[in-house]
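Residue strings, one per chain:
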Amino acid sequence: GAVVSQHPSRVICKSGTSVKIECRSLDFQATTMFWYRQFPKQSLMLMATSNEGSKATYEQGVEKDKFLINHASLTLSTLTVTSAHPEDSSFYICSARDGVGELFFGEGSRLTVL
Amino acid sequence: AQSVTQLDSQVPVFEEAPVELRCNYSSSVSVYLFWYVQYPNQGLQLLLKYLSGSTLVESINGFEAEFNKSQTSFHLRKPSVHISDTAEYFCAVIGGTSYGKLTFGQGTILTVHP
């Protein structure tokens, strides 16, 4: 099956700094990518839908200025957590949709903000 | 709005025993249903899905799930589990024709003991 890669898989940063997470579709083009967040012992929550060449669509309650999403090419979407705080510590997962509508997930990125 | 409830957060079983992971959903329109599996330290993988047609769907590794519209359920079953089935399982739903915006259940951790 198709492969979606996330980088970094783990990141630790100081409070107040910004962190960028990349999501790449390695062997297919993805016009649409999705970003999810998973709190410990909770379900995955959709944060935003990322469309290549246009602005991301954020779910209710997700701060657009806090979680910047860029989908500059058909194989890359990035999530930047700006001015990170400890409450932003979480597991972030992306998924990409291929040409026939199938969804593939990345391995996830664990962010720890000290 | 759509929602998914996985009734069991943890399911411990012995090897070669049968298992059922329960999933109930709510949606005001027709649905597409999915089971994803997340093995330790790995990303999400699609296990099986129901889009239309036969209400009983199977995976390549022996799992099956049955879409029951009257009971709004999509329970996952396997007649005989292996140690390697130890993982977290997520039920997910897409309502209507919005393909891609998955709503996930809380997840069920299946632990298979020798």
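Let us look at the structure shown here. (Residues numbered from 1 in each chain as written. Chains lettered and ligands numbered in written order. Predicted model: local features only at pLDDT ≥ 70, side-chain atom pairs only at ≥ 80, totals over all residues. Heavy atoms only, no water.)

Moving on: the overall build of chain A. Assigned secondary structure in chain A consists of 0 helices and 11 strands. Secondary structure elements of chain A occur, N-terminal to C-terminal, as β-β-β-β-β-β-β-β-β-β-β. Taking the principal axes of its C-alpha atoms as reference, chain A extends roughly 40 × 25 × 20 Å. Put simply, 53% of the contacts in chain A that link residues at least 6 apart link residues at least 24 apart. Here chain A has roughly 5,700 Å² of accessible surface; of this, 51% comes from carbon and sulfur atoms. Taken as two groups, the 11 positive and 11 negative side-chain charges of chain A have centres that lie 7 Å from each other. (Helix = DSSP H or I, 4+ residues; strand = E, 2+ residues; numbered from the N terminus. Contact = heavy atoms within 4.5 Å. Areas by Shrake-Rupley, 256 points an atom, 1.4 Å probe, with all protein chains shown as cover. Lys, Arg positive; Asp, Glu negative; His and termini not counted. Charge placed at Lys NZ, Arg CZ, Asp CG, Glu CD.)

A few words now on the nonpolar core. Grouped together as the largest cluster of nonpolar side chains are 28 residues, with contacts concentrated most on Leu 33, Trp 35, Leu 47, Leu 48, Phe 74, Leu 76 and Tyr 89 of chain B. Counting residues per element, the ones that place at least two in this core are strand 2 (10-14), strand 3 (19-21), strand 5 (31-38), strand 6 (44-50), strand 8 (64-68), strand 9 (73-78), strand 10 (87-95) and strand 12 (108-113) of chain B. Apart from residues no more than four positions distant in its own chain, Leu 48 of chain B is found in contact with Leu 33, Phe 34, Trp 35, Val 57, Glu 58, Ser 59, Phe 63, Glu 64, Ala 65, Phe 74 and Leu 76 of chain B. In this structure, Met 33, Trp 35, Ala 56 and Ile 69 of chain A belong to the second largest nonpolar core, which totals 25 residues. (Core = buried A, V, L, I, M, F, W, Y, C linked by side-chain atoms within 4.5 Å. Buried < 20%, exposed > 50% of the residue type's maximum accessible area, 1.4 Å probe, protein only.)

All names here are of chain A. When you tally the buried positions in strand 9 (residues 90-97), you get 7 out of 8 residues, the bulk of the element. Here 7 bridges tie strand 4 (residues 32-38) to strand 9, and the two strands are oriented antiparallel to one another. Residue Arg 37 lies in a different strand from strand 9, and its bridge partner there is Tyr 92. Direction of pairing for strand 9 relative to strand 11 (residues 109-113): antiparallel, over a ladder of 3 bridges. Residue pairing across strands places Tyr 92 opposite Ser 109, the latter belonging to strand 11. Pairing geometry for strand 9 and strand 10 (residues 103-105), over 3 bridges, is antiparallel. Note that in strand 10 the partner of Ala 96 across the bridge is Phe 104. Between the antiparallel neighbours strand 9 and strand 10 lie 5 residues, among them Gly 101 with a positive phi of about 90 degrees. (Pairing = 2+ DSSP bridges.)

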